[in-house]
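One-letter residues, chain by chain:
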Amino acid sequence: MIDPRCITELRGGEASAGPILYWMSRDQRVEQNRALLLARERAVAAGERLLVAFTLSPTFIGATLRHYDFMLRGLEETEERLGRLGIGFVLLEGDPPAEIVRFVLSSGAGLLVTDYSPLRISRRWKESVRDAVAIPFLEVDAHNIVPCLLASPKQEWAARTFRPKVNRLLGEFLRPLPPVEPVENGTVPEPTDWEAVRSRLTIDRSVGPVPGMEPGEAAAGERLRRFIREGLPSYAERKNDPNAGAASGLSPYLHFGHIWAGEVALGVMNSRSPEVLNSRGPEDPSGGGELSLFGDGTAQAEAFEASKASFLEELVVRRELSENYCARNPLYDSFEGLAQWARQSLAEHDADPREALYGREEFEQASTHDELWNAAQRELVRTGTIHGYMRMYWAKKILEWSPSPREAFETALWLNDRYALDGRDPNGYVGVAWAVGGLHDRPWFERPVYGKIRYMNEAGCRRKFDVRRYIGRQG
Ligand code: FO1
C-alpha cells in the first residue's frame, strides 16, 4: 500500500525470519508515516514482530539543548503512542550506525526499514549500516509529499523549473495515509528512562529550550488547526509582516517529522474560509467537500484561496525544492555549492569597502550598528525563529557586513543551526544559499559588495511592515 516509488532498496534480497525493525530518524511520528506503515505492512505479512529504534547521537551538527529538548520530548510521546499500539520502541545511545547494527544483530531483525534524508550525515550513517548488515535495508521517503528522488533526477535551477515536475505528481502522492492499526502479537519493552537519557547528554546547554513551543505529534496537530483557523485566512497579505504573527510556526514540527507535510497540505486545501462558512450556515445542502469558494465570489473567499495557494507554494514547491538542492548538490552546506555566476560576481567585489565589518561574535551578540538587524537576531535567540521577510534581510546584511562572502555564508549557517529550532534542515541551507549566493534566484543589476546578488535594505522592510513596532517587540 506504500507506493514503491517512495522506497529505495539500500540493500536488496529476501527478508530473513525475525522482527521487522524501523530505524526511525527523520520522521519522528507515528501517524502519516510511510516508513512505519511499510514496516508494519511487512511485519503483518511475515507474521513477525514490529520494532522501532531511534539512535540518539551524542552530538549532531552543532545542535544544542534547544534542539535535543524539543526532540527528546517528542520522542517520549512517540514511544507512548507506539506502546498503545503494541509496537516496541527502543532508544539506542551512541554512534548511530554502530548502535543500529548492534541492535539488528541482538534483536535478530530480518528486515531493516528507515526514513529518507538528503543530508550527508544521514547518508553516511546508512552507507556504513548497509555494508555491515546481511539483511535487506529499505529507505522510505516519509518526509516529502512527492518523493524527493522521484521529483527530479538533477539539481533544479529555480522554483519555475521545479514546480511543474512536482505538480504533475502531486495528485498521486498527496493522499491521506491510513491510521496505524494496533499489532496483535505486540510486546512492549520497559519505557525509556528519559531523565537518565537527558543526564547523559553531552551537548552544548548554553542555548536553552524555546519557551512556549510544545513539541510532539499532538502539539503539531494543534498548531496546524490553529494556523488554519487564525493565520491562513490572511496569510497571503500578512506572511511578510513579522508583526502579524501570520507564520504557521510549523517548521520545527516539520523538521523533526512530528507532522507530515502532506497532512499540512491536505488540511490547508480542505479548509474553508470562515466567512464563507458563516454565510452558508449549517443548513447548506452541500454541507462540505465540494463547496467551491469561487461560487460565492465573496472577496474574503477569494483572498482565502490566494492565501492557500501562497502557503502551499511555500510548503510544497519551496520546501521540496530545498530537499532537491540537498539531494542533488553534495556541497549544499558550503559556499562552493553556489552557482559559478554568483561566486564569480561576489569575487569581483571582494575588495569593495564594507559599510561595517563584524565577526561571528558581534553578530551573535546582536551588537551591530543596525537596530533592525539586531532585533532580528534577538528574535532568533529568544524564539528560535525569524519570521519570513526579516529572515532574508537578516542573512543579506551578514553578507554585507562580513569580511568575505564565504565567511558570511558560514556565519549565517552557524547562527541558524545554533539558534533556529528548525536548524540543520534543507530549508535552512537553501535560505542562506539564496540570500548570500542567489541560489534559485536570478542575477540582479550589479552593485558594490553584492555584485549581482539581490540587494535588500531597511527601506524595503519599511515598505512591507512597521519596523519600529518590530524592533520594539524584540525587547
Ligand atoms: N536524528 C537521529 O537519528 N539521531 C539524533 O541523535 C538526531 C539529533 C538531532 C539533533 C538536532 C536536529 O535538528 C536533528 C536531529 N536528528 C537526529 C534528526 C535529523 O533530522 C535526522 O537524523 C535526519 O536523518 C537528518 O536529516
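As shown above, the structure is provided for reference.
Overview of the structure. This is a predicted model, so every value here is computed, not measured.

Side note on the packing of helix 11 (residues 261-269) against helix 14 (residues 299-328)
Look at helix 11 against helix 14: their axes get within 10 Å of each other, and the N-to-C directions meet at 165°. Classed by the angle they form, the pair helix 11 and helix 14 counts as roughly antiparallel. Along this stretch, helix 11 crosses helix 14, giving a crossing that reads as left-handed. Residues Ala261, Val264, Ala265, Val268 and Met269 of helix 11 pack against Lys308, Phe311, Leu312, Leu315, Val316 and Arg319 of helix 14. Among the residues forming the contact of helix 11 with helix 14, the class breakdown is nine nonpolar, no polar and two charged.

Observations concerning the packing of aromatic side chains
Inspection of every chain in the model, using the stated rule, returns 19 aromatic pairs. With a centroid separation of 6.3 Å and an interplanar angle of 10°, the aromatic rings of Trp373 and Trp394 are classed as stacked. Taken as a pair, Trp373 in helix 17 (residues 371-383) and Trp394 in helix 18 (residues 388-400) lie far apart in primary sequence, 21 residues in all. By relative accessible area, Trp373 is classed as buried at 0%. On the numbers, 4.9 Å between centres and 85° between planes, the contact of Tyr450 with Tyr455 is edge-to-face. Judged by relative accessible area, Tyr450 falls into the buried class, the value being 1%. Put simply, the rings of Tyr358, Phe363, Trp373, Trp394 and Trp401 touch in pairs and so form one group of aromatic residues. Sitting over the face of the ring of Trp434, Lys396 holds its NZ or CZ atom 4.7 Å from the ring centroid.

With respect to the packing of helix 19 (residues 405-419) against helix 20 (residues 426-437)
In contact at an axis separation of 10 Å, helix 19 and helix 20 are set at 150° when each is read in the N-to-C sense. Classified by the interaxial angle, the pair formed by helix 19 and helix 20 is roughly antiparallel. In this structure, the crossing between helix 19 and helix 20 has a hand that is right-handed. Here Pro405, Phe409, Ala412, Leu413, Asn416 and Asp417 of helix 19 lie close against helix 20, whose contacting residues are Gly428, Tyr429, Val432, Ala433 and Val436. Tallied by class, the residues present in the contact of helix 19 with helix 20 amount to eight nonpolar, two polar and one charged.

Some details on the site of the ligand
Around the ligand, the structure places 18 residues, and the nearest of them are Ser25, Thr55, Ser57, Ser117 and His255. Side-chain polar atom of His255 to an oxygen atom of the ligand: 2.6 Å apart, as the coordinates give it. Look at the ligand: alone it shows 510 Å² of surface, and the protein chains cover 99% of it. At three residues, the largest contribution of residues to the shell around the ligand is made by strand 3 (residues 50-56).

Description of the pairing of strand 4 (residues 88-93)
Taking burial as the measure, the six residues of strand 4 include five buried ones, the bulk of the element. Bridge count between strand 3 and strand 4: six bridges; the pairing is parallel. Paired with Leu51 across the strands is Gly88, a residue of strand 4. As a crossover connection, the stretch from strand 3 through helix 2 (residues 65-84) into strand 4 is right-handed.

Observations concerning the sheet that holds strand 3
Strands sit in the order 1-6-5-2-3-4 across an open sheet of six strands; the sheet is mixed. Each of the sheet's edge strands pairs with one partner strand only, and the pair in question is strand 1 (7-11) and strand 4. With direction set aside, neighbouring strand axes in the sheet form an average angle of 25°. Running over the sheet, helix 2 touches strand 2 (20-24), strand 3 and strand 4 and is turned about 170° from strand 3. Each of strand 1, strand 2, strand 5 (111-115) and strand 6 (137-140) is contacted by helix 4 (residues 120-130), which is oriented at about 160° to strand 6, the strand it contacts most.

Here we look at the nonpolar core
Leu56, Leu75, Phe311 and Leu315 are the most contacted members of the largest nonpolar core, which totals 78 residues. Counting contributing residues per domain, this core is built from domain 1 (4-143) and domain 2 (217-327), each supplying no fewer than three. For Leu56, the contacting residues outside a window of four places in its chain are Tyr68, Met71, Leu72, Leu91, Leu92, Glu93, Gly94, Val197 and Leu201.

Some details on the pattern of salt bridges
Taken as a whole and judged by the stated rule, the model has 30 salt bridges. With its nearest N and O atoms 3.4 Å apart, the salt bridge here joins Asp422 to Arg391. In this pair, Asp422 sits in the loop between helix 19 and helix 20 while Arg391 sits in helix 18, placing the two residues 31 residues apart along the sequence. Note on Asp422: relative accessible area 9%, which makes it buried. One salt bridge in this structure joins Lys397 and Glu400, with 2.6 Å as the shortest N-O distance. Of this pair, Lys397 and Glu400 both sit in helix 18, three residues apart, which is roughly one turn of that helix. Judged on exposure class, the residue Lys397 and its partner Glu400 are both buried. Among the ionic contacts, a cluster of salt bridges with common partners joins Asp69, Arg73, Arg198 and Glu214.

Thresholds applied
- Residues numbered from 1 in each chain as written.
- Predicted model: local features only at pLDDT ≥ 70, side-chain atom pairs only at ≥ 80, totals over all residues.
- Heavy atoms only, no water.
- Axes fitted to C-alpha atoms, helices over the stretch in contact; angles between N-to-C directions.
- Helix = DSSP H or I, 4+ residues; strand = E, 2+ residues; numbered from the N terminus.
- Parallel < 35°, antiparallel > 145°, perpendicular 65-115°, else oblique.
- Left-handed = near helix turned anticlockwise from the far one by under 90°.
- Contact = heavy atoms within 4.5 Å.
- Nonpolar A, V, L, I, M, F, W, Y, C, P; charged D, E, K, R; others polar.
- Phe/Tyr/Trp six-rings, centres within 6.5 Å; stacked < 30°, edge-to-face > 60°.
- Buried < 20%, exposed > 50% of the residue type's maximum accessible area, 1.4 Å probe, protein only.
- Lys NZ or Arg CZ within 6 Å of the ring centre and 35° of its normal.
- Near = heavy atom within 4 Å.
- Polar contact = N/O pair within 3.5 Å; in protein donor to acceptor, adjacent residues only side chain to side chain.
- Areas by Shrake-Rupley, 256 points an atom, 1.4 Å probe, with all protein chains shown as cover.
- Pairing = 2+ DSSP bridges.
- Right-handed = clockwise from strand over helix to strand, strands pointing away.
- Core = buried A, V, L, I, M, F, W, Y, C linked by side-chain atoms within 4.5 Å.
- Domains from an automatic or database assignment.
- Salt bridge = Lys/Arg side-chain N within 4 Å of Asp/Glu carboxyl O.

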